[in-house]
Every structure is written in C-alpha cells, then in structure tokens.
Amino acid sequence: MAAGQGHARRREAHVTSVAPVILLAAEKESAEVTDWAARVGWVVGLGLFVALVYWLMREGWKWRGTLQGDLPELPSAPDDPGAARLVLSGRYHGSTTAGQWLDRIVAHGLGTRSRVELTLTDAGLDVVRPGAADFFVPVAALREARLDKGIAGKVLTEGGLLVVTWAHGDKLIDSGFRSDHAAEHNEWVDTLNDMINKTETEGAR
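Residues numbered from 1 in each chain as written. Predicted model: local features only at pLDDT ≥ 70, side-chain atom pairs only at ≥ 80, totals over all residues. Heavy atoms only, no water.

Asks: How do you make sense of a nonpolar patch on the surface when you look at a structure like this?
Replies: Nonpolar side chains collect at one region of the surface, where Trp 101, Leu 102 and Val 155 lie side by side and expose about 330 Å² of accessible area between them. Following the sequence through the fold, Trp 101 ends up in the loop between strand S1 (86-97) and strand S2 (114-121). (Patch = residues over 30% accessible without salt bridge, like charges linked within 9 Å, V, L, I, M, F, W, Y side chains within 5 Å. Areas by Shrake-Rupley, 256 points an atom, 1.4 Å probe, with all protein chains shown as cover. Salt bridge = Lys/Arg side-chain N within 4 Å of Asp/Glu carboxyl O. Helix = DSSP H or I, 4+ residues; strand = E, 2+ residues; numbered from the N terminus.)

Written out as structure tokens, the structure is:
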C-alpha cells in the first residue's frame with residue numbers, strides 16, 4: 001500500500017514538473033509567431049510608405065514639367081560645328097533657373113541626370129547624353145561659366161561642379177556638369193568666359 005502511494009506521488013511530481021516546461025514552450029512558440037507577424041506588418045508598412053513617397057515625387061515631377069511647358073524645344077548641334085576646342089567626359093547633374101540652385105528644370109529631359117560628353121567649338125557647347133536628350137547651346141546663348149559646389153539637390157565639394165549659364169527662350173538656365181577629371185574645370189571656365197566676352201564685344205560693335 002505504501003509502495004503504491006509512493007509511486008503515485010512520484011507520478012504526480014513528474015506531471016507537475018513537466019507542465020511548466022510545456023507551458024514555457026507554448027509561450028515561446030506564441031511569441032515567435034507574434035514577432036513574425038509584427039515584422040511582416042512593419043515591412044509591408046514600410047513598403048507602402050516608400051511607394052507613396054515615390055508616387056508623390058513622380059507626380060511633383062510631372063506637375064513641374066507641366067508648369068515649364070512654355071520652355072522651347074532644345075536646339076540641336078549644327079551639321080558642321082567646327083573643330084573641338086575642349087572635350088570633357090563626366091556627368092550631367094541637372095539644370096535650374098539661373099541663380100536659383102533648387103529650382104530644378106525638368107522640361108525636355110533637362111532634369112534627368114546622366115553621363116555626358118561635352119564638346120566646345122566656336123559654334124557653341126554640344127551636350128551629348130547617352131540615354132537622355134542631347135542639346136546644343138549656341139555661342140551667342142552662353143552667358144557665364146563658373147565653379148560651384150551644388151545644383152538641383154546635388155552637393156559636391158567646393159568648386160567640384162562646372163556650372164554653365166545660358167539663355168533659352170526668355171529664360172536663363174544654369175546647367176551643372178562634373179568632369180571625370182575635376183582638374184579640367186578651371187580650363188573650361190577660362191575658355192568659356194573668354195569666348196563669351198569676345199562674343200559680347202563683337203556684338204557691341
């Protein structure tokens with residue numbers, strides 16, 4: 001009788017000790033499921049937020065392009081622009097209203113950043129952009145060249161950007177370029193400004 005009672009007590013003690021372990025395992029599994037649900041919800045929420053920001057940016061871009069619809073078509077290079085005075089390979093970082101480095105111009109593809117090949121001739125500045133719209137700035141439309149550090153949301157080191165100011169229609173435009181070899185910028189600024197001064201002097205006669 002005593003042996004039977006002892007056996008019963010041992011079974012009861014075993015069941016009592018196993019029960020908390022089972023409960024702990026169940027709670028852990030429940031916590032893992034809850035964590036995964038929270039993570040999935042967070043990822044989905046972040047994805048929706050990014051999609052909303054992208055949509056707003058795209059709509060803002062389209063709206064800006066509509067506002068700039070009065071900007072004339074960009075001129076193309078003449079058949080015979082003459083011999084190259086300077087050539088530059090680098091990146092085109094965008095165009096803005098002259099003197100307003102945050103007022104981005106997006107009409108006619110001017111807002112699209114791209115690789116660029118610049119060629120300066122006596123006829124003007126030929127801007128060739130793989131994958132984006134090319135354009136040409138006649139020498140008579142050139143107004144100024146300078147070194148700067150930022151344009152249209154792109155900030156570089158001081159003097160890291162070649163900015164060319166030119167007239168198109170009734171608008172003055174700043175276009176920003178960066179050479180693959182930034183040491184070339186000074187030569188471009190000097191040569192462009194010499195050409196501009198010469199053109200203005202000849203035009204005043």
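From this point on, the discussion continues.
Asks: Any chance you could explain the pairing of strand S8 (residues 161-168) here in plain terms?
Replies: A regular strand places its side chains so that they alternate between the two faces of the sheet. Among the eight residues in S8, eight count as buried, and that is most of the element. Both faces of S8 are covered, namely the face carrying Leu 161, Val 163, Thr 165 and Ala 167 and the face carrying Leu 162, Val 164, Trp 166 and His 168. In terms of strand pairing, strand S5 (residues 142-148) meets S8 through six bridges, oriented antiparallel. If you follow Leu 147 over to S8, its bridge partner there is Leu 162. Pairing analysis gives seven bridges linking S8 to strand S9 (residues 171-179), with the strands arranged antiparallel. The residue bridging His 168 from the neighbouring strand is Lys 171, located in S9. From the end of S8 to the start of S9, which pair antiparallel, there are two residues, and Gly 169 there has a positive phi angle of about 65°. (Buried < 20%, exposed > 50% of the residue type's maximum accessible area, 1.4 Å probe, protein only. Pairing = 2+ DSSP bridges.)

Asks: Where do I start with the pairing of strand S3 (residues 124-128) in this structure?
Replies: As paired elements, S2 and S3 share five bridges and run antiparallel to each other. Residue pairing for S3: Leu 120 is matched across the bridge by Leu 125.

Asks: Just checking my understanding: could you explain the confidence of the model for the chain for this structure?
Replies: Interpretation of this model should avoid reading the predicted coordinates in detail wherever pLDDT is low. Overall, the prediction assigns the chain a mean pLDDT of 79, with 69% of residues at 70 or greater. Counting interchain partners and residues more than four positions distant, the pLDDT-below-50 stretch residues 1-8 has zero contacts. Low pLDDT (under 50) marks residues 11-19, which in the prediction has zero contacts with non-local residues, meaning those over four places away or in another chain. (pLDDT = per-residue confidence, 0-100. Contact = heavy atoms within 4.5 Å.)

Asks: For this particular structure, what's the right way to read the packing of aromatic side chains?
Replies: Given two aromatic rings, one states the distance between the centres and the angle between the planes to describe the pair. Counting across every chain of the model gives three aromatic pairs. Geometrically, the ring pair formed by Tyr 92 and Phe 177 is tilted, given 5.6 Å between the ring centres and 55° between the ring planes. One end of the pair, Tyr 92, is in strand S1; the other, Phe 177, is in strand S9, and 85 residues separate them in sequence. Like Tyr 92, the residue Phe 177 is buried in the burial classification. Both rings, one in Phe 135 and one in Trp 166, keep their centres 5.5 Å apart while their planes meet at 15°; by these two values the pair is stacked. Linking Phe 135 in strand S4 (residues 135-138) with Trp 166 in strand S8, this pair joins segments that are 31 residues apart in sequence. Owing to a relative accessible area of 2%, Phe 135 belongs among the buried residues under this scheme. In this structure an aromatic cluster arises from ring pairing among Tyr 92, Phe 135, Trp 166 and Phe 177. Over the ring of Tyr 92 we find Arg 129, and its NZ or CZ is 4.5 Å from the ring centre. (Phe/Tyr/Trp six-rings, centres within 6.5 Å; stacked < 30°, edge-to-face > 60°. Lys NZ or Arg CZ within 6 Å of the ring centre and 35° of its normal.)

Asks: Looking at this structure, how should I read the nonpolar core?
Replies: A general feature of soluble globular proteins is that nonpolar side chains tend to end up buried together. Residues Leu 110, Leu 118, Leu 125, Phe 135 and Trp 188 are the most contacted members of the largest nonpolar core, which totals 29 residues. Every element with two or more residues in this core is listed here: S1, S2, S3, S4, S5, S8, S9 and helix H2 (185-204). Looking at this core, the element that brings in the most residues is H2, giving five residues. In contact with Leu 125, other than residues within four places in its own chain, are Leu 118, Thr 119, Leu 120, Phe 135, Phe 136, Val 137, Val 164 and Trp 188. (Core = buried A, V, L, I, M, F, W, Y, C linked by side-chain atoms within 4.5 Å.)

Asks: Please explain the sheet that holds S5 as it appears in this structure.
Replies: One key point about sheets: their strands pair by backbone hydrogen bonds, in either a parallel or an antiparallel sense. Strand order in the open sheet formed by seven strands is S4-S3-S2-S1-S9-S8-S5, with antiparallel pairing between adjacent strands. Edge strands, defined here as strands with exactly one partner in the open sheet, are S4 and S5. When strand polarity is set aside, the average angle formed by the axes of neighbouring strands in this sheet is 30°. (Axes fitted to C-alpha atoms, helices over the stretch in contact; angles between N-to-C directions.)

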